[in-house]
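Analysis of the macromolecular model
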Amino acid sequence: MSSPRLILASASPRRRELIARLGVTPDAIAPADIDETPRKAELPRDYARRMAREKAEAAALDDGFVLAGDTVVAAGRRILPKAEDEATARRCLELLSGRRHRVLSAIALRDPDGTMRERLSETLVMFKRLSTQEIDAYLASGEWDGKAGGYAIQGMAEGLISRIQGSHSGVVGLPLYETRALLKAAGFDIA
Ligand SMILES: Cc1cn([C@H]2C[C@H](O)[C@@H](COP(=O)(O)OP(=O)(O)OP(=O)(O)O)O2)c(=O)[nH]c1=O
């Protein structure tokens, strides 16, 4: 059985690498340029779901499926920004230091007829209490750049994380268990 046409609506190289681990090669990559501003009082879970849906919708096709994802770092009800500069990354790390937070990774798969299938992965991540030197060293690595919450678990940050409960791939950007289930349910041929 051959799989239907699939577009990955993402600019993230991590999402491309992660989907490859399922043995799936998208037919094309089409990053979706959407407004990523959270709504007033929007809950982190709702925001992650909405972003994934809007990305999938923005890349809509009438002859194929579109897969999109969104990863949000949440401290309580607070949505942490995607760190685009060092000062933002520092503020995130100071906030995450010594406490537990959640990483919400939403995925949305749009059928050619417009139907949306969605899944959400939720992971608890615990950072050690970070010293100023540890924060400075982490910032010097540059690994925080473009990452939600100012860190990347797939790099040196994992040495500062005492525990995770949930999905490692979800934290990196594409929860593989949920993605596989979603694609299988839509009729993709996955081993
Ligand atoms: C928490 C965390 C986030 N991230 C990344 C995953 C996402 O790329 C990014 C969150 O931003 P997203 O808006 O989810 O994704 P993106 O803008 O990078 O790509 P696109 O919308 O085009 O698909 O943070 C890590 O790589 N490692 C981590 O540990």
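Residues numbered from 1 in each chain as written. Predicted model: local features only at pLDDT ≥ 70, side-chain atom pairs only at ≥ 80, totals over all residues. Heavy atoms only, no water.

The protein chain has the name dTTP/UTP pyrophosphatase in an unreviewed UniProt entry, where Qipengyuania profundimaris is given as its organism. Quoted verbatim from the Function (unreviewed entry) field of the UniProt record, the comment on the protein chain reads "Nucleoside triphosphate pyrophosphatase that hydrolyzes dTTP and UTP. May have a dual role in cell division arrest and in preventing the incorporation of modified nucleotides into cellular nucleic acids." UniProt, in its Sequence similarities (unreviewed entry) section for the protein chain, records the words "Belongs to the Maf family. YhdE subfamily." (UniProt positions renumbered as here; feature names shortened; annotations may be inferred.)

Moving on, we come to the layout of surface pockets. In this structure, the largest pocket spans a volume of roughly 680 Å³. Lining the largest pocket are 35 residues, and of these Arg15, Thr71, Lys82, Gly146 and Ala148 sit closest to its centre. Elements supplying a minimum of two residues to the lining of the largest pocket: helix H1 (13-20), helix H2 (44-58), strand E3 (65-75) and helix H5 (168-172). With four residues, E3 is the largest single contributor of residues to the lining of the largest pocket. Each residue belonging to the lining of the largest pocket can be placed in one class, and the counts come to 20 nonpolar, six polar and nine charged. (1 Å grid on protein atoms, 1.4 Å probe; cavity = no way out; pocket = protein on both sides within 12 Å on 5 of 7 lines; lining within 4 Å. Points joined across faces, edges and corners; volume = space filled by probe spheres on them. Helix = DSSP H or I, 4+ residues; strand = E, 2+ residues; numbered from the N terminus. Nonpolar A, V, L, I, M, F, W, Y, C, P; charged D, E, K, R; others polar.)

This part covers the nonpolar core. By size, the foremost hydrophobic cluster in this structure holds 42 residues, and its most contacted members are Leu6 and Tyr151. Leave out the neighbours within four places in its chain, and leucine 6 touches Ile19, Val24, Pro26, Asp27, Ala28, Phe65, Leu67, Leu109, Leu183 and Phe188. Counting residues in each nonpolar core, the second largest holds 16 residues, with Ile7, Ala59, Ala74 and Ala106 among its members. (Core = buried A, V, L, I, M, F, W, Y, C linked by side-chain atoms within 4.5 Å. Buried < 20%, exposed > 50% of the residue type's maximum accessible area, 1.4 Å probe, protein only. Contact = heavy atoms within 4.5 Å.)

Position of methionine 51 among the secondary structure elements: in helix H2. A relative accessible area of 0% means that methionine 51 is categorised as buried. Spatially, the C-alpha atoms of methionine 51 and proline 38 are 9.0 Å apart, while their sequence positions differ by 13 residues. Contact partners of methionine 51, with chain neighbours within four places excluded, come to Ile34, Asp35, Glu36 and Asp70.

What follows deals with the site of the ligand. Within the structure, the ligand sits among 20 residues, and Ser10, Ala11, Arg15, Lys55 and Lys82 are positioned closest to it. One nitrogen or oxygen atom from the main chain of valine 172 is found 3.4 Å from an oxygen atom belonging to the ligand. A total of 600 Å² of accessible area belongs to the ligand in isolation, and the protein chains cover 94% of it. The cavity that encloses the ligand is the largest pocket. Residue assignment for the shell around the ligand shows that the elements contributing at least two residues are H1, E3 and H5. For the shell around the ligand, the element with the most residues is E3, which contributes three residues. Across the shell around the ligand, the residue classes tally to eight nonpolar, five polar and seven charged. (Near = heavy atom within 4 Å. Polar contact = N/O pair within 3.5 Å; in protein donor to acceptor, adjacent residues only side chain to side chain. Areas by Shrake-Rupley, 256 points an atom, 1.4 Å probe, with all protein chains shown as cover. Sits in = over half its atoms within 2 Å of the grid points.)

Quick look at the packing of aromatic side chains now. For the coordinates displayed, the defined rule picks out two aromatic pairs. Summarising the aromatic geometry, the rings of phenylalanine 65 and phenylalanine 188 are spaced 5.2 Å apart at their centres and angled 75 degrees between planes, so their arrangement reads as edge-to-face. One end of the pair, phenylalanine 65, is in strand E3; the other, phenylalanine 188, is in the segment after helix H6 (176-185), with 123 residues separating them in the sequence. Taken as a pair, phenylalanine 65 and phenylalanine 188 share a single burial class, namely buried. Ring geometry for phenylalanine 127 against tyrosine 151: centres 4.9 Å apart, planes inclined by 85 degrees, an arrangement best described as edge-to-face. Of this pair, phenylalanine 127 sits in strand E6 (residues 116-127) while tyrosine 151 sits in the loop between helix H4 (132-141) and strand E7 (161-165), and the two are 24 residues apart along the sequence. You'll find phenylalanine 127 and tyrosine 151 in the same group, each marked buried. (Phe/Tyr/Trp six-rings, centres within 6.5 Å; stacked < 30°, edge-to-face > 60°.)

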